[in-house]
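Here's the letter readout for the chains.
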Amino acid sequence: MSDRWGMTYDENDDEDDDEEEEEEQRGVVRRGGGEDDVLAIQQRILAEVQAERRARGPVRPRSLAGFSSPSAVGQLGHSPGSFAAYKGESFTSEGASKENLQRFAGFGIGMTSLFIENVLAHPCIVIRRQCQINYHAKKYHLTPFSVIRIMYSFTRSQGIRALWKGMGSTFIVQGISLGVEGIVGEFTQLPREVSQNWNFKQLGGHMLLKGIVCLITMPFYSASLIDTVQSDIIRDNPGILECVREGVCRVLGLGIPQSKRLLPLRLLAGPTLLHALLHHAIAALVQRVAGLAIEATWRRRRRGKGAAAPEPGVAVEESSLEACLPELVARFFGGLVADVVLFPLETTVHRLHVQGTRTIIDNTDANSPELLLLPINTRHEGLADCVRSVRRDEGALGLWKGVGALLLQYSVHGALLYAAGVVSSRIAAAGGVSGAALAAVGART
């Protein structure tokens, strides 16, 4: 038979070619057995499915009920080998899920620590500062138990808000400090952090930056201090930016009490700067030592569990929880040691800042439901004179008034931080439950 171009061909040959092409498209390979043909089809379908799955990325199955036995795998038309490949993809998704849980746990611990430091600990800060500047007090409140009684008296007479007075101004001062540090560090190129391979030039520049930030924020810190110790019985409801206005007025000399007892800022700069730099240096040093101790403990635990302990100085892969919790614990110990060691100096600095501001505080010695009010009428000429006056009139423990509030603050902080670490660790460990179950299923297959 010929076509319109004059070519001749056989119709039977054309039909045979069509049949062979259809068989090739169906993937049927004639090997002489029906079982071989079915096996070839399954292998080809399996290869296509695996190629498509690799292109989409790892996919987590919605339910593991259909993969509990080899027979169930056979019902789906997959071989045990294909299930092994699919199981590896599930392990990948399980690992990512566990890492996400660990990140969530680390974030939870960080937020808990910030909440404790800035909100929950504020009543202890209020009581501590009132005890520090109360030179009339006969009770020194050296233990947390007496501080709890004072908190109860404050709450019963003035309400629960009296324990959180001045918290807004405290946040504002922290914000001003961070903003000033960022701006000054950007324009002066002074290091905001000290690296592990530090030198004296870098350390000196870092301490210089901290000193500049302290001097700039000092007027606002003084206003915030007065806001936290002023009695709620006589004070009006100040605005949230009241400490900013009072700080600016203190710098410009406008609207401040005209009293000879009020110390100028130049006389307050030395004690305030000394306390700030010593506090930062001690806290950073203790935090570094505590971090090394925690790292050594972590290495011993890894060695006890049979894991290979990395060499010192070698970077290892850590989860978000392992990286976050030790840092928070080290910072906790750094702040605790610095606050306890410098507590007498802090007492002296606070008395100098409040002097001459006509501040009226609550009487922390009152046992009646109605707390009495006490004015602050000291006449210290400087840091040394304040220390001599306190030791002469109140004894050596006069510089430690209110230390029980500090101990209570860090006791609550440590307990809640430990509880948050335990809960977060359990949450992070829960991410491995489904992965372990899937591994057991794979072992049975």
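Parameters at a glance
- Every chain is numbered independently, its residues counted from 1 as its sequence is written.
- Local features in a predicted model are, by the rule used here, given only for residues with pLDDT of at least 70; side-chain atom pairs are given and counted only at 80 or more, and totals for whole chains, interfaces and linings are based on all residues.
- Hydrogens are left out, water is left out, and the side-chain values use all remaining heavy atoms of the structure.
- The helix count covers DSSP runs of H or I at least four residues long, the strand count covers runs of E at least two residues long, and both are numbered beginning at the N terminus.
- Accessibility here uses a 1.4 Å probe with only protein chains present; expressed as a share of the type maximum, an area under 20% marks a residue as buried, one over 50% as exposed, and anything in between as partly exposed.
- Residue contacts are defined here by distance: any two heavy atoms, one from each residue, within 4.5 Å place the two residues in contact.
- Note on areas: Shrake-Rupley with a 1.4 Å probe; residue coverage comes only from the protein chains shown.
- Salt bridge, as used here: a side-chain nitrogen of Lys or Arg that lies within 4 Å of a carboxyl oxygen of Asp or Glu.
- Within 3.5 Å is the distance limit for a polar contact, defined as a pair of N or O atoms, with the added protein rule that one can donate a hydrogen and the other accept it, and that residues adjacent in sequence qualify only through two side-chain atoms.
- Lines fitted to the C-alpha atoms define the axes, with helices restricted to the stretch that makes contact. Angles between their N-to-C directions range from 0 to 180 degrees.
- Geometric relationships in this document are graded by angle, where less than 35 degrees denotes roughly parallel, more than 145 denotes roughly antiparallel, 65 to 115 denotes roughly perpendicular, and other angles denote oblique.
- By definition, any crossing whose near helix is turned counterclockwise from its far helix by less than a right angle is left-handed, and any crossing with a clockwise turn is right-handed.
- Any residue outside Ala, Val, Leu, Ile, Met, Phe, Trp, Tyr, Cys, Pro, Asp, Glu, Lys and Arg is labelled polar, Gly included; the first ten of those are nonpolar and the last four are charged.
- Pairing of aromatic side chains here covers Phe, Tyr and the six-membered ring of Trp, requires ring centres within 6.5 Å, and sorts the geometry by plane angle: under 30 degrees stacked, over 60 edge-to-face, intermediate tilted.
- Put simply, a nonpolar core is a bunch of buried Ala, Val, Leu, Ile, Met, Phe, Trp, Tyr and Cys residues held in one set by side-chain atoms that sit within 4.5 Å of each other.
- You can read pLDDT as the predictor saying how much it trusts each residue, on a scale of 0 to 100.
- The span one expects for a helix is its residue count, reduced by one, times 1.5 Å.
- The reported arc concerns the directions from the helix axis to the C-beta atoms and nothing else.

### What to know about the overall build of the protein
Each helix and strand counted, the protein has 15 helices and 2 strands in total. Within the span of the protein, comprising 445 residues, buried residues form 38% of the whole. Look at the contacts in the protein between residues 6 or more apart in sequence, and 79% of them connect residues 24 or more apart. On the protein, roughly 25,700 Å² of surface is accessible, and the fraction owed to carbon and sulfur atoms is 59%.

### Observations concerning the pattern of salt bridges
One pass over the structure, following the stated rule, counts 10 salt bridges. A salt bridge links Glu-181 to Arg-192; its shortest N-O distance comes to 3.9 Å. Within this pair, whereas Glu-181 is found in helix H7 (residues 167-188), its partner Arg-192 is found in the loop between H7 and helix H8 (200-229), the two being separated by 11 residues in sequence. Exposure remark for Glu-181: the relative accessible area of 7% places this residue in the buried category. Connected through shared salt-bridge partners, Glu-181, Arg-192 and Lys-210 make up one network.

### So, the environment of Met-218
Mapped onto the secondary structure, Met-218 falls in helix H8. Along the backbone, Met-218 and Leu-268 are 50 residues apart, and their C-alpha atoms lie at a distance of 8.6 Å. Those residues in contact with Met-218, other than ones at most four positions away along the chain, are Leu-265, Leu-268, Ala-269, Thr-272 and His-353.

### A look at the environment of Asn-134
Along the chain, Asn-134 falls in the loop between helix H5 (122-133) and helix H6 (144-158). Under the relative-accessibility criterion, Asn-134 is labelled buried at 0%. For the pair formed by Asn-134 and Asn-363, sequence separation is 229 residues and the distance between their alpha carbons is 7.7 Å. Contacts of Asn-134, omitting those with residues within four sequence positions, involve Arg-351, Ile-361, Asp-362, Asn-363, Thr-364, Leu-374 and Lys-401. A distance of 3.2 Å separates a polar side-chain atom of Asn-134 from the backbone nitrogen of His-136.

### Side note on the packing of H7 against H8
One way to put it is that H7 packs onto H8 with a least axis distance of 9 Å and a crossing angle of 165°. With respect to their mutual orientation, H7 and H8 come out roughly antiparallel. Where H7 crosses over H8, the handedness of that crossing is right-handed. On the side of H7, the interface is formed by Ser-169, Thr-170, Val-173, Ile-176, Ser-177, Val-180, Glu-181, Val-184 and Gly-185, while H8 contributes Leu-209, Lys-210, Ile-212, Val-213, Ile-216, Thr-217, Phe-220, Tyr-221, Ser-224, Asp-227 and Thr-228. Class assignment for the residues of the contact of H7 with H8 results in 10 nonpolar, 7 polar and 3 charged.

### A look at the packing of aromatic side chains
Scanning the model with the defined rule gives 3 aromatic pairs in all. Between Phe-332 and Phe-333, the aromatic rings sit 5.3 Å apart at their centres with planes inclined by 75°, giving edge-to-face as the arrangement. On the basis of relative accessible area, Phe-332 is assigned to the buried category, the value being 12%. Members of the aromatic cluster, each reached through a chain of ring pairs, are Phe-332, Phe-333 and Tyr-410.

### Quick word on the nonpolar core
By size, the foremost hydrophobic cluster in this structure holds 10 residues: Cys-124, Ile-127, Cys-131, Val-147, Ile-150, Met-151, Phe-154, Leu-163, Ala-405 and Leu-408. When contributions to this core are tallied by element, the ones reaching two or more residues are H5, H6 and helix H14 (403-430). The element that contributes the greatest number of residues to this core is H6, accounting for 4 residues. Aside from chain neighbours lying at most four places away, what touches Val-147 is Ile-127, His-141, Gly-404, Ala-405 and Leu-408. One finds Leu-268, Cys-386, Val-390 and Leu-399 within the second-largest nonpolar core, a separate group that totals 8 residues.

### Notes on the side chain of Thr-378
Here Thr-378 shows up in the loop between strand S2 (373-375) and helix H13 (383-394). Relative accessible area serves as the criterion here: at 7%, Thr-378 is assigned to the buried category. Within the structure, Thr-378 has its side chain in polar contact with the side chain of Gln-355 (distance 3.1 Å). Dropping the residues within four chain positions of it, Thr-378 is found in contact with Tyr-135, Arg-261, Arg-351 and Gln-355.

### Quick word on the confidence of the model for the protein
With 66% of its residues at a pLDDT of at least 70, the protein reaches an overall mean of 76. Put simply, helix H3 (residues 70-75) is where the protein has its lowest mean pLDDT, 39, and helix H12 (residues 343-354) is where it has its highest, 96. Between residues 59-92, whose pLDDT stays under 50, and residues either more than four places distant or in other chains, the model counts 39 contacts. Throughout residues 432-445 the model reports pLDDT below 50, and contacts reaching past four residues in sequence, or to other chains, amount to 16 contacts.

### Description of H13
Along its 12 residues, H13 runs 16 Å from first to last C-alpha, staying within 8% of the 16 Å computed at 1.5 Å per residue. For H13, every residue scored as buried is listed here: Cys-386, Ser-389, Val-390 and Glu-394. Summarising the axial view, the buried residues of H13 lie within an arc of 100°, below the 170-degree limit, and thus occupy one face. Looking at H13, the residues exposed on the side facing more than 90 degrees away from the buried face are Arg-388, Arg-391 and Arg-392.

### Regarding unusual backbone geometry
Positive phi, normally seen in glycine, also occurs at Gln-189, with a value near 60°. Relative to the helices and strands, Gln-189 resides in the loop between H7 and H8. Under the relative-accessibility criterion, Gln-189 is labelled exposed at 63%. A positive phi angle, near 60°, is found at Arg-358, a position not held by glycine. Along the polypeptide, Arg-358 turns up in the loop between H12 and strand S1 (360-362).

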